[in-house]
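Listed below are the residues making up each chain.
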Amino acid sequence: MSTDTSPAAGGPSPAAAPHKLNPAQRKAILAGTIGNTVEWVDWALYTIFVKTISEVFFPKAEGAVALLSTLAVFAVGFVVRPVGAAVLGAYADRFGRKKGLTLTVGLMAGASFVIALTPGYESIGVAAPAVLLVARLLQGFSAGGEFGSSSAFLVESAAKGRRAFAGSWQQVSVGGGTLIASLLGTVLTSTLDDAALHSWGWRAAFVIGGLLGLVGLWLRVSVEDTDSFHQAQEKGRAKKNPLTAMFREHPGAALRVVGITIAGTLTYYIWITYLPTYANVATGIPLDKALLSQTICLVIFIALLPFVGKLSDKIGRKPTMAGFAGGFVVLAWPLLHLLSDSFASLFFVQLTGMILILGYSANCAVIMAEQFPPEVRATGIALPYALAVAVFGGTAPYITTWLNDAGHGDLLWLYVSGAALISLIVYLTMPETNKKEFD
């Protein structure tokens, strides 16, 4: 595989007929997907129960102060993601995708148990938000390395001509984890009264998330590492310091990953992760109805992801990703202005946004993996992605809530459209990689 991703390096190879996945490839993708799903349950639960967590871990305050404090902890979890990406991405490039993935899921599950078992502010005072912050930092560290390792693992496990299809399962697993968390939230908020939900219901969700994380750990221990990693080791291409090598040899590709990620992470965390809470705060729609809408939309989103991955393998990364970004440039204003306390309006806004996001989510793992050779691939995906996510994804719920609380909620569309326009320019000017040679 050439280390230069520009067209001048020789361009894409001639088109070849897609190959069917063999049993070993199917097993690897299945194990990678399930393991990744249960890890993202733990990550998503925080935003699902963010309002309840704010009431438990922070002192009572007027307005949105406690909620904003909890969202600040959410954002800080993203700040440490680049650190986890650098450390765990390099670890996966040096010692294998399997070892990297095993470590990340163990850290995530452990932090979920800590959050579930930590007493609230009324019991231990300022120690409560302090422990919450440490646990969220640990989850952020884990999530920082997870994306690079899991993306590299899935794309490297693909049959020829099926890379986007295989990579799309990374986002199927992220969506699946969010869906399971959403289902837990829907069931608990619908069946428990406020007192029970506040005292133990949300904690039960985190315990379940931690137990699922242990299932993911077991699955990852049982899977074999990829041929791409083994071949890089056997050919002596392994880097002693993958992080330094990535910056020195592939700076353009790293910057491209940042540009690819900006609109995707912003719209994902607003539409797929935080919109139920935002709609509840901004319009007054009951949280259980907002979560039900999210759950239905997520099922549709997850079901369509592999098909958009197949479409990308057929027609290319650029047109499918440009459709996503261009759609948000045009539709952000009308969609966000349609939000109301009506279930139908929220469902329409959520579903339309998620359908657009398919163009990014089905492509993000594969397009990033195609920028780098295997010896720096996990690091190259993880660190630039984590930096972009920390700046644009981790702050999205905070900025969204702050705009609404300050009376400027009608300006949110400018934030979304501006980010989409930046990424649209990147998508239209980057080289096409769907037929590129890959090892």
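Residues numbered from 1 in each chain as written. Predicted model: local features only at pLDDT ≥ 70, side-chain atom pairs only at ≥ 80, totals over all residues. Heavy atoms only, no water.

Draft legend 1. How the structure looks around the overall build of the chain. Secondary structure assignment for the chain yields 19 helices and zero strands. At 21 Å, the chain has a C-alpha radius of gyration in line with the 22 Å of a compact globule built from 439 residues. For the C-alpha atoms alone, the extent of the chain along its principal axes is close to 60 × 45 × 40 Å. Put simply, the chain has 439 residues, and 59% of those count as buried. Accessible surface for the chain amounts to roughly 16,100 Å². Of this, 69% is attributable to carbon and sulfur atoms. Seen as two clouds, the 30 positive and the 26 negative side-chain charges of the chain have centres 9 Å apart. (Helix = DSSP H or I, 4+ residues; strand = E, 2+ residues; numbered from the N terminus. Rg over C-alpha atoms; globule rule 2.2 N^0.38 Å. Buried < 20%, exposed > 50% of the residue type's maximum accessible area, 1.4 Å probe, protein only. Areas by Shrake-Rupley, 256 points an atom, 1.4 Å probe, with all protein chains shown as cover. Lys, Arg positive; Asp, Glu negative; His and termini not counted. Charge placed at Lys NZ, Arg CZ, Asp CG, Glu CD.)

Draft legend 2. Quick peek at the state of the cysteines. All told, the structure shown has zero disulfides when counted by the stated rule. In this structure C297 is not part of a disulfide, and its nearest cysteine sulfur, from C364, lies 19 Å away. Here C297 falls in the buried class, since its relative accessible area comes to 0%. (Disulfide = S-S within 2.5 Å.)

Draft legend 3. Structural detail: the side chain of S173. For S173, the position within the fold is in helix α8 (residues 163-191). A polar atom in the side chain of S173 sits 2.6 Å from the side chain of N36. Those residues in contact with S173 that sit more than four places away from it in its chain are T33, N36, T37 and W40. (Polar contact = N/O pair within 3.5 Å; in protein donor to acceptor, adjacent residues only side chain to side chain. Contact = heavy atoms within 4.5 Å.)

Draft legend 4. Expanded view of the nonpolar core. In terms of nonpolar packing, the biggest core is built from 113 residues, with F49, I260, W271, F301, Y360 and M368 touching the most fellow members. Excluding anything up to four places from it in sequence, W271 contacts F328, L335, L336, V349, Q350, G353, M354, I357 and V416. Counting residues in each nonpolar core, the second largest holds 12 residues, with I29, L101, A158 and A159 among its members. (Core = buried A, V, L, I, M, F, W, Y, C linked by side-chain atoms within 4.5 Å.)

Draft legend 5. A look at the pattern of salt bridges. What the rule picks out here adds up to 10 salt bridges. Residues R163 and E370 are paired through a salt bridge, measuring 2.9 Å at the closest nitrogen-oxygen approach. Of this pair, R163 sits in helix α8 while E370 sits in the loop between α16 (364-369) and α17 (377-393), and the two are 207 residues apart along the sequence. Judged by its relative accessible area of 1%, E370 is buried. It is possible to trace a salt-bridge network through shared partners that takes in D93, R97, E156 and R377. (Salt bridge = Lys/Arg side-chain N within 4 Å of Asp/Glu carboxyl O.)

Draft legend 6. Here's a closer look at a nonpolar patch on the surface. A cluster of nonpolar side chains, L292, I296, I300, L304, F307 and I355, forms an exposed patch at the surface whose accessible area comes to about 500 Å². Looking at the nonpolar patch, the element that brings in the most residues is helix α13 (residues 287-315), giving five residues. Mapped onto the elements of the fold, L304 is located in helix α13. On the basis of relative accessibility, which here comes to 33%, the residue L304 falls in the partly exposed class. (Patch = residues over 30% accessible without salt bridge, like charges linked within 9 Å, V, L, I, M, F, W, Y side chains within 5 Å.)

Draft legend 7. Region of interest: the packing of aromatic side chains. Under the criterion given, the structure shown has 11 aromatic pairs. Note on F57 and W202: the rings are 5.7 Å apart at their centroids and 70° apart in plane angle, and the pair reads as edge-to-face. On the criterion of sequence distance, the pair formed by F57 in helix α2 (residues 50-57) and W202 in helix α9 (residues 194-222) is long-range, its members being 145 residues apart. The exposure class of F57 is buried, given its relative accessible area of 1%. Geometrically, the ring pair formed by F324 and F328 is edge-to-face, given 5.7 Å between the ring centres and 75° between the ring planes. Here F328 and F324 lie together in helix α14 (residues 317-337), a separation of four residues that amounts to about one turn. There is no split in this pair, since F324 and F328 are both buried. Clustering of aromatic rings is evident, with ring pairs tying together W271, F324, F328, Y360 and Y427. In this arrangement the basic side chain of K310 is found over the ring face of F165, its NZ or CZ atom lying 5.4 Å from the centre. (Phe/Tyr/Trp six-rings, centres within 6.5 Å; stacked < 30°, edge-to-face > 60°. Lys NZ or Arg CZ within 6 Å of the ring centre and 35° of its normal.)

Draft legend 8. Representation of the packing of helix α5 (residues 97-117) against α9. Put simply, α5 and α9 touch, their axes get as near as 8 Å, and they point 165° apart. Considering the angle they form, α5 stands roughly antiparallel to α9. For the element pair α5 and α9, the recorded crossing hand is left-handed. Note on element contacts: α9 touches α5 through W202, R203, F206, V207, G210, L211, G213, L214, G216, L217, R220 and V221, opposite K98, L101, T102, T104, V105, A109, S112, F113, I115, A116 and L117. Partitioning the contact of α5 with α9 into residue classes produces 14 nonpolar, six polar and three charged. (Axes fitted to C-alpha atoms, helices over the stretch in contact; angles between N-to-C directions. Parallel < 35°, antiparallel > 145°, perpendicular 65-115°, else oblique. Left-handed = near helix turned anticlockwise from the far one by under 90°. Nonpolar A, V, L, I, M, F, W, Y, C, P; charged D, E, K, R; others polar.)

Draft legend 9. Representation of the environment of L192 in the model. For L192, the position within the fold is in the loop between α8 and α9. Take L192: its relative accessible area is 19%, and that puts it in the buried class.

Draft legend 10. View of the environment of I29. Residue placement: I29 occurs in helix α1 (residues 23-48). Owing to a relative accessible area of 6%, I29 belongs among the buried residues under this scheme. When the C-alpha atoms of I29 and H230 are compared, they prove to be 17 Å apart, with 201 residues separating the residues in sequence.

Draft legend 11. Geometry of the side chain of R220. By secondary structure assignment, the location of R220 is in helix α9. We classify R220 as buried; its relative accessible area is 3%. A polar contact of 2.7 Å, which involves the side chain of R220, links it to the side chain of E146. Leaving out residues up to four positions away in the same chain, R220 has contacts with G32, G35, N36, E39, K98, L101, T102, T104, V105 and E146.

That's the geometry; what it means functionally is another story.
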